[in-house]
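Secondary and tertiary structure notes
Chain by chain, the residues:
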Amino acid sequence: MNRRTILGVIAAAGLCFAPPVQAQDVTLNLHQFLPAQANVPKLILDVWADAIEADSDGRIQINRFPSMQLGGVPPELMDQAIDGVADIIWTVVGYTPGRFPRTEVFELPFFVSDAAAASSAYWQMYERHMRDTEFRDVHVLGTWVHGPGVIHSQDPITAPEDMTGVKARGASRMVNQLLGELGATPVGMPVPAIPEALSKGVVDAVTIPWEVTGGLKVPELVSNHTEFEGNMLYTLTFVLAMNPDSYAALPDDLKAVVDANSGLEFSVNAGRIQQDADAPARAVAVARGNTITTITDPSDLVAKTAPIYTAWIAEMEAKGIDGQALIDEAKALMAAHGN
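Figured I'd write up the structure that's included with this text. (Residues numbered from 1 in each chain as written. Predicted model: local features only at pLDDT ≥ 70, side-chain atom pairs only at ≥ 80, totals over all residues. Heavy atoms only, no water.)

Re the packing of helix α2 (residues 39-55) against helix α11 (residues 264-276)
Counted only if it meets this: Axis angles are defined between N-to-C directions and span 0 to 180 degrees, where every axis is a line fitted to C-alpha atoms and, for a helix, only to the segment in contact. Helix and strand definitions follow DSSP, with helices as H or I runs of at least four residues and strands as E runs of at least two, each counted in order from the N terminus. Between 65 and 115 degrees an angle is taken as roughly perpendicular, under 35 as roughly parallel, over 145 as roughly antiparallel, and anywhere else as oblique. Two helices cross in a left-handed way if the nearer one is turned anticlockwise from the farther one by less than a right angle. They cross in a right-handed way if the turn is clockwise. Whether two residues touch is decided by their heavy atoms; if any such pair falls within 4.5 Å, the residues are in contact. Residues are grouped as follows: Ala, Val, Leu, Ile, Met, Phe, Trp, Tyr, Cys and Pro are nonpolar; Asp, Glu, Lys and Arg are charged; all remaining types, including Gly, are polar.
Here α2 crosses α11 at 160°, and the two axes come no closer than 10 Å. Of the possible angle classes, the one that applies to α2 and α11 is roughly antiparallel. Here the hand of the crossing between α2 and α11 comes out right-handed. Residue-level contacts link V40, L43, I44 and W48 of α2 to F266, A270, I273 and Q274 of α11. A per-class count over the contact of α2 with α11 returns seven nonpolar, one polar and no charged.

Some points on the sheet that holds strand β3 (residues 88-92)
Selection rule: Following DSSP output, two strands are said to pair if at least two bridges run between them.
A sheet is described by the order of its strands in space; here five strands give the open sequence β2-β1-β3-β10-β4, paired in mixed fashion. Lying at the two open borders of the sheet, with one neighbouring strand each, are β2 (60-65) and β4 (139-145). Between one strand and the next, the sheet's axes are offset by a mean angle of 20°, whatever the strand orientation. Across two bridges, the pairing between strand β1 (residues 26-31) and β3 is parallel. Opposite L30, over in β3, you have I88 as the bridge partner. Against the sheet, α2 touches β1, β2, β3, β4 and β10 (237-242), its axis set at about 160° to β2.

Brief notes about the pattern of salt bridges
We apply this condition: Salt bridges are identified by distance alone: a Lys or Arg side-chain nitrogen within 4 Å of an Asp or Glu carboxyl oxygen. Any residue under 20% of the maximum accessible area for its type is buried, any over 50% is exposed, and the rest in between are partly exposed; the area is computed with a 1.4 Å probe on protein chains only.
Evaluation of the coordinates by the stated rule reveals 13 salt bridges. Residues E134 and R102 are paired through a salt bridge, measuring 2.5 Å at the closest nitrogen-oxygen approach. Note that E134 is positioned in the loop between α4 (115-130) and β4 and R102 in the loop between β3 and α4, a separation of 32 residues in sequence. For the pair E134 and R102, one class covers both residues: buried.

Brief notes about the environment of M130
Examined against the element boundaries, M130 turns out to sit in helix α4. Considered as a pair, M130 and R102 are 28 residues apart in the sequence and their alpha carbons are 7.2 Å apart. Setting aside chain neighbours within four positions, we find M130 in contact with R102, T103, Y122, M125, F135 and R136.

Points about the sheet that holds strand β8 (residues 205-209)
Within a sheet, each strand pairs with its neighbour through backbone hydrogen bonds, oriented either parallel or antiparallel. If you walk across this open sheet you meet the six strands as β7-β6-β8-β5-β9-β11, and the pairing is mixed. Every interior strand has two partners, whereas the edge strands, β7 (185-188) and β11 (291-295), have only one. For this sheet, the mean inter-axis angle between neighbouring strands, taken without regard to orientation, is 30°. Both strand β5 (residues 149-153) and strand β9 (residues 224-228) contribute to a ladder of three bridges, which runs antiparallel. Residue pairing across strands places S153 opposite N224, the latter belonging to β9.

Re the environment of G84
If you trace the backbone, G84 turns up in the loop between α3 (77-83) and β3. In sequence terms G84 and D278 are 194 residues apart; their C-alpha atoms lie 34 Å from each other.

Shown next as structure tokens:
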């Protein structure tokens, strides 16, 4: 065998033992409005992101940016996902009033009884009615709602008439309508603005679920809390959404990792986790000696808020949407959850 042949064999052997091409690595930025220690980032978003990093063998890295660290204000988060300012965002859908009309069915007063059941219905109705309509510009990863909305106030709220003239913070168009029907003066603002608004007297009361109160120090800022038996006073809809180009750029095996950690099961679990986080936060208010009023028969309130249903169905009809059909479908899906 001559020298040239020997060199050719060695070269061929070298090709056989060449190191494999480096697997594609992806870095994604996740942006949201709550501080990192709050329940949703700590118990839901971080757990989700950690699972994706682990399941991708580290090929996906998700950088987490809490408290609007990438800039902007909470109502801009959805557009940040659409425009690619952030790869992934988590936000309150109602921060952009009227833009996602079908989601509002879950924000109707005294409509939802369980966050997991409502989150299941929300995802299924997203797939049927919202994927190609209001959410067509983003890749949705999860849809869920929180536990029972509670009124936290400076003065006791024990009956509907106690809401008259109260300046009350609401988080969405539907919640503000609810507050208005109860005689309060609605003041719309995102969650991060609550502590300052309470401390400066901008509002007399706020509507948030128990689980959010700890991070905002609400039990230290007010001493009265009003909750309701039966269906929830209200709930809000959330969405975890991804820039469609960021998702499309993933290789198929990494898309599969994201898909496996998203969707119906993830959404139901997120709703359950958020509602389960209410009890520890409520215990903090109890330990402080705050007054918690439970309205066991909210029938007067239900009657007062009935016009919201009529108005909402008419608004949906004006948009070419069958609102009553959405109500009926959501009720059926929530009732079927777990059966």
